[in-house]
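Single-letter residue listing:
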Protein chains: 4
Amino acid sequence: MILILKNLATDDQIDHVLRRVEEMGLQHHLSRGTHRTIVGIIGDEDQLREEPLRAIPGVAQVVPVLPPYKLASRDAHPESSIVDVSGVKIGGGHLGMIAGPCSVEDPDRMFRIAEKVVASGANLFRGGAYKPRTSPYAFQGMGEDGLKLLREVGNRYNIPVVTEVTDPRLVELVSGYADMLQVGARNMQNFALLTEVGKSKRPVLLKRGMSATITDLLMCAEYILSQGNMNVVLCERGIKSFDPATRNLFDVAAVPLVQQLSHLPIIVDPSHATGRPDLIPACAMAGLAAGADGVHIEVHDCPEVAKSDGPQALLPEQYDQLAGQMKSLAALLGKQFSTLPGSPNPSASDPQSSINSETVV
Amino acid sequence: MILILKNLATDDQIDHVLRRVEEMGLQHHLSRGTHRTIVGIIGDEDQLREEPLRAIPGVAQVVPVLPPYKLASRDAHPESSIVDVSGVKIGGGHLGMIAGPCSVEDPDRMFRIAEKVVASGANLFRGGAYKPRTSPYAFQGMGEDGLKLLREVGNRYNIPVVTEVTDPRLVELVSGYADMLQVGARNMQNFALLTEVGKSKRPVLLKRGMSATITDLLMCAEYILSQGNMNVVLCERGIKSFDPATRNLFDVAAVPLVQQLSHLPIIVDPSHATGRPDLIPACAMAGLAAGADGVHIEVHDCPEVAKSDGPQALLPEQYDQLAGQMKSLAALLGKQFSTLPGSPNPSASDPQSSINSETVV
Amino acid sequence: MILILKNLATDDQIDHVLRRVEEMGLQHHLSRGTHRTIVGIIGDEDQLREEPLRAIPGVAQVVPVLPPYKLASRDAHPESSIVDVSGVKIGGGHLGMIAGPCSVEDPDRMFRIAEKVVASGANLFRGGAYKPRTSPYAFQGMGEDGLKLLREVGNRYNIPVVTEVTDPRLVELVSGYADMLQVGARNMQNFALLTEVGKSKRPVLLKRGMSATITDLLMCAEYILSQGNMNVVLCERGIKSFDPATRNLFDVAAVPLVQQLSHLPIIVDPSHATGRPDLIPACAMAGLAAGADGVHIEVHDCPEVAKSDGPQALLPEQYDQLAGQMKSLAALLGKQFSTLPGSPNPSASDPQSSINSETVV
Amino acid sequence: MILILKNLATDDQIDHVLRRVEEMGLQHHLSRGTHRTIVGIIGDEDQLREEPLRAIPGVAQVVPVLPPYKLASRDAHPESSIVDVSGVKIGGGHLGMIAGPCSVEDPDRMFRIAEKVVASGANLFRGGAYKPRTSPYAFQGMGEDGLKLLREVGNRYNIPVVTEVTDPRLVELVSGYADMLQVGARNMQNFALLTEVGKSKRPVLLKRGMSATITDLLMCAEYILSQGNMNVVLCERGIKSFDPATRNLFDVAAVPLVQQLSHLPIIVDPSHATGRPDLIPACAMAGLAAGADGVHIEVHDCPEVAKSDGPQALLPEQYDQLAGQMKSLAALLGKQFSTLPGSPNPSASDPQSSINSETVV
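Before going into details, it helps to say that this report is about the structure given with it.

Scoring rules and cut-offs
- Residues numbered from 1 in each chain as written.
- Chains lettered and ligands numbered in written order.
- Predicted model: local features only at pLDDT ≥ 70, side-chain atom pairs only at ≥ 80, totals over all residues.
- Heavy atoms only, no water.
- Helix = DSSP H or I, 4+ residues; strand = E, 2+ residues; numbered from the N terminus.
- Buried < 20%, exposed > 50% of the residue type's maximum accessible area, 1.4 Å probe, protein only.
- Areas by Shrake-Rupley, 256 points an atom, 1.4 Å probe, with all protein chains shown as cover.
- Contact = heavy atoms within 4.5 Å.
- Buried area = accessible area lost by both parts, 1.4 Å probe.
- Salt bridge = Lys/Arg side-chain N within 4 Å of Asp/Glu carboxyl O.
- Nonpolar A, V, L, I, M, F, W, Y, C, P; charged D, E, K, R; others polar.
- Least-squares fit on C-alpha atoms with pLDDT ≥ 70 in both.
- Pairing = 2+ DSSP bridges.
- Axes fitted to C-alpha atoms, helices over the stretch in contact; angles between N-to-C directions.
- Polar contact = N/O pair within 3.5 Å; in protein donor to acceptor, adjacent residues only side chain to side chain.

**Focus on the overall build of chain A**
Summing up its helical and strand segments, chain A has twelve helices and 15 strands in all. When the backbone C-alpha atoms are referred to their principal axes, chain A occupies close to 75 × 55 × 40 Å. Burial analysis of chain A (361 residues in total) assigns 65% to the buried set. Carbon and sulfur atoms make up 48% of the accessible area of chain A, which amounts to about 12000 Å² in all.

In structure tokens form, the structure reads like this:
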């Protein structure tokens, strides 16, 4: 931690600053420059982070030198983590391909969509049973009936299922049905919820909040990790920006940035990032090319009657075409779609012809 | 609701659109322009809002003509609401002046700060017992002990108290101690929490999320109102922007904008909006001049040892000076600080010398 | 300047860093912490700023300790500057009240509007003769004919005039007619233009760019000052944000922030900041209350036929009402509208009853 | 154009609106809904765009149905344009690979860098002779000497050169040396400059402004096109956002969005978009995968002594590695790096193994 003192900091203020550092049991290192005095503090930065150093009279600026997260940091865990979701791997060259409708809806439709996306190569099926809707008058999801149906889909097609949990009181219930728990963008900083999913044994898909920095996102992962649940997959799903042309702004650079700072896998969600089916394929490809560990896409076979987010869904045939392109790109990058549990493992892509993704990023 | 069709929409697509509108039991109004065909839909827009109209083939754009909130709308309730917090009024010329430390801390300090801010004219005392901290390793608040202490402060100085609730499971507990429940910026779209505070009888202070539009904010108020709790006070506390010079970007125009769209009171929080004590007084004055129904300011008597947010706290003497300036400004605007329950009512400001705040906005 | 080295910086890298600093003729101060090594550099930071220090192998972060502007800095010029525009003062308690239509239009309308805003207390008349329009097909301004007409208005009502210059080739021409040159938001970083107006003798109104930080704004002022023109007035006119409800986001905190960092006057422009007549009065009052040195407002007597920006213009009678409120607020703050050259000076406001604006900010 | 009238619009106001539309020689189409009255206007929207319709009393909202650009629109020109820069094609499957240092510097270094990037496959060499620096005290470029040197590099390696022009007075001079003129992000809305480059015969590289929407960008292209210069290549180079981790926010979705709305080629500039060498390769790959028509990357062989932007430069060997990966990806997408004029044409990539890029987007 470095303290930059104010231009006009008095000797008394400087003494007071040094005394405060000593009281914390830490060492200081004073450096008087031409225009400013600097105090380097040597010792445990985590301890310091909790102190309101900027409120000490005479202090102009506090410059941390370490990231505020530990368990999520690549420093602490240099190897990339691979998260196993009921047999489907995400990370380390294994691509998690999440597909399915926004909401769990009627059973026939669910089975129909699942059958198709599985055939295209999806390895995690999604559907919301509890929907965080911006309007209290909008469809709020089927609740536990939706969870049951989702489980049935998972069982029938032997595909793990992921669904959103929006309330700490529901974590246990949802964990009973789903293979992976999603924490949505609006709840990224719902710390009570993060703590509960951290106590759960289920892997967690943590979506980036609309105005979260990468540090904010990693701190929320840290909440989950610090409760003992190390199976966290991050998801870039678009952030707020000024151009109304797209629903959100797809921050593709978040992928290599997260991979540099953290060992946790990160996937991309071009459906929410753009809100437009016509932009989803290009952004899905961009995400993979940037090194993402998977892609989350909403698929519906009749978007104009979907219970939620119909206008951003791909049709199953559009998803199938895109999946084919993504497979080719994955092979070029030396990666592959993870296989479903029990599936025969496809021969690995030819390492000669592939770009080593580690090198790219 | 207006549908703008695509350039190349076919007659079949247009027929399909019209049929879909009829199936919803609504009337349509077709208008073929030089370059585009437009379909006006006549009937209940709330019903339409739930339909994925943009997903109908041939539809390019959906233009709503009504706001998506109803109970929060000024259309539905032309007169400005006045929210009563255990005898302290907010709205309609009555200014709610919230002051106190970020976190509830040790008793002596709490009483000391409360005594001072009450003397300066504050009429609601604040302090967090459950803190939504970005780090899992940071001080998380005193919990129920903090609530008890806050209640004691309120009783001793006869001042209502407001505190944040972060978890739907805690709403009942917190309601037992606090006069007003705060929903923080990070939880603005925690719909489970909004639903619970909506069922509570306590007035609610709803803070705007860091990337919430005004429509988003009013929709969250609608969640609370739709559960039967009509006592909602909104709070502008700064939004995310690109200049790191301040913690957030204080959106002072939100004040007249909300007052035009909604009957609910809105106050400003320059402490969180700027994160800098040196900018708080100017922004507090700006908020009042823009027509705010109150001001929320964090005050601590030794910021350098505060348990949270010390660097943005005003000292009690700084708050006192600012409160004096705010009183003069309030008088000019024809408003006044609400009085504490049981206090003698100060003589109203002279209407001759005041600017009618309705006219200003 | 402080260099924070990378976690894994080698001794060779550290040696190389120190050698580079020495080659620049500067001193270094090494501090090895528990996790990171820090190099303080002692000497002229301006010289260092030009060096690509972050590109030196092993350097993780470069932390400057001084602002990059010098002439614009309050450090260099502690007293607030007062800019004199042909006899009208802006800064130091003197409020510059700029009013007039967006574009210079037909003479009768110009005289009519000018007469009214002068009667309301405006002390600078504005109107664009060269318009930076987002569409090449839109009205581009009357050109030199507009300048002549603007000059005539200024002469008839004895009020200085301000108009935008958009092209370095036109600075001399425009300077021949106008009392003050405006550099618009879109040209804030048009450095060729800044250099030319810096060589001019006319005072400059420099508007903040839509995505300019305060540092960016002050660096652009520095361009002008560095050419020898010290008469720069800054203008906050709204920045880009994510809520489409207003044209821009009015950053009222920019006022006290600029006043803390710089000696230059800063005014606010609620017309462009909001783009909505219904929000302009509240934001004008907010700007003054925050300590602004003046207010810029577009006024038109028939907005529905205005050549540009009609939808955001106030009517003369709306401006008059607002001007009355602003005068009352100015008196409360111990400030006053500057008087036109040759006008009798109104008695100064009573210092006893006024809030000292220095204290507020 | 659609006018949505205010809730309380009177019959007189409605009549006035209709009369105004008739006065413009256009037809209207009135539709009275349950809550709002709508006026559709039939006729030339370009004419209407210039009218301040929102300023007509009773009008709440104006909804355009057509984009404001014409020559840049894909509606007007359905086939993708291919821009030819002295023999190097950009667009339609031909990738423009721009590489070179930020600033033109000493001759030996220039020749050295050029030789290397040409060997890696770059087909346009860049270097700034006039630098738009945020500080007036920073290196401003070598001026005409830099242009001469750049021309010499181009001649020696038979590679077209692109350089920035920042001042309308310099367009003719720069056109005498460079094969392509760059308009930088800070000058995107410098309309005087756009008009001058529009009169030039040189192809133009137009970079997106930091807070420009896609519509803003296309309107600036329209300025150039409307002067008769149809050879415009757009460039996404990052926009402003709230996370300080990267210099800008790389908006990769701009690529498919622009390609849908316009026929003009669009390339990406990950150097400025991220400002970090460690993120450039991933973002370059992402841009290509999203369908970009080329990639702009800054390369320097000793970043720590670069005259500008050293910290974001790739080393020649890093560029070479990335170029290899980009070539593989291009082949997969059915595209190829354009060849230098006079070069033997490499055999086209195998269409069997390639993804059709039209389908992807």
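Still more to cover.
**Concerning the interface of chain B and chain A**
On the chain A side, the residues contacting the 46 residues of chain B number 46 residues. Across the chain B to chain A interface the summed buried area is about 3900 Å²; carbon plus sulfur atoms make up 51%. In this assembly, chain B and chain A are joined by six salt bridges. The partner of Glu304 of chain B in a salt bridge is Arg20 of chain A, and the shortest N-O contact between them spans 2.6 Å. At four residues, the largest contribution of residues to the side of chain B that touches chain A is made by helix α7 (residues 214–225) of chain B. Split by residue class, the side of chain B that touches chain A holds 20 nonpolar, 13 polar and 13 charged.

**What to know about the relation of the copies chain D and chain C**
Mapping chain D onto chain C calls for a screw motion: a turn of 180° about the axis and a shift of 0.0 Å along it, with 0.0 Å RMSD after fitting. Taken together, these values place the two copies in the relation of a two-fold axis. Across chain D, the rotation axis passes nearest the C-alpha of Ser211 of chain D, at a separation of 2.9 Å. Comparing interface residues between copies, 100% of those in chain D also lie at the interface in chain C; the contact surface is shared.

**Focus: the sheet that holds strand β1 (residues 2–5) of chain A**
Residue and element names in this part refer to chain A. In space, the four strands of this open sheet follow the order β2-β3-β1-β4, with antiparallel pairing throughout. A single partner strand is all that each edge strand has here, and the edge strands are β2 (27–32) and β4 (59–63). Between one strand axis and the next, the sheet turns by 20° as a mean value, whatever way the strands run. Sheet analysis places β1 next to strand β3 (residues 37–42), joined by three bridges and oriented antiparallel. Within β3, the position partnered with Ile4 by the bridge is Ile38. Here helix α1 (residues 11–23) sits on the sheet and contacts β1, β2, β3 and β4; the angle it forms with β2, its principal contact strand, is near 155°.

**Quick notes on helix α10 (residues 280–289) of chain B**
What sets the pattern is the α-helix's 3.6 residues per turn: residues three or four places apart point alike. Residues and elements named next belong to chain B. Among the ten residues in α10, ten count as buried, and that is most of the element. Inspection of α10 places Ile280, Pro281, Ala282, Cys283, Ala284, Met285, Ala286, Gly287, Leu288 and Ala289 among the buried residues, and these make up the whole buried set. Immediately downstream of α10, the backbone of Gly291 shows phi near 110°, a positive value.

**A short note on the sheet that holds strand β4 (residues 59–63) of chain C**
Residue and element names in this part refer to chain C. Strand order across the open sheet formed by four strands is β2-β3-β1-β4, with antiparallel pairing between neighbours. At either margin of the open sheet sits one strand with a lone partner, and together these are β2 (27–32) and β4. Averaged over all neighbouring strand pairs, the angle between strand axes comes to 20°, with direction disregarded. Contacting β1 (2–5), β2, β3 (37–42) and β4, helix α1 (residues 11–23) crosses the sheet at an angle of about 155° to β2.

**Regarding the relation of the copies chain B and chain A**
Note on the identical chains: chain B maps onto chain A by a rotation of 180° and an axial translation of 0.0 Å, with an RMSD of 0.0 Å. Take the interface residues of chain B: 100% of them recur as interface residues in chain A, which is what a same-surface contact looks like.

**Re the interface of chain D and chain C**
You'll often see interface size given as the accessible area lost when the parts meet. Taken together, the contacts link 46 residues of chain D with 46 residues of chain C. Summing both sides of the interface, chain D and chain C together bury roughly 3900 Å²; the carbon and sulfur share of this comes to 51%. Counting every contact that joins chain D to chain C gives six salt bridges. Residues Glu196 of chain C and Arg169 of chain D are paired through a salt bridge, measuring 3.3 Å at the closest nitrogen-oxygen approach. Linking chain D to chain C there are 21 residue pairs in polar contact (both at pLDDT 80 or more). Going through the elements one at a time, α1 (11–23), α6 (191–199) and α7 (214–225) of chain D are the ones with two or more residues in the side of chain D that touches chain C. No other element matches the four residues that α7 of chain D contributes to the side of chain D that touches chain C. Of the residues assigned to the side of chain D that touches chain C, the class counts are 20 nonpolar, 13 polar and 13 charged.

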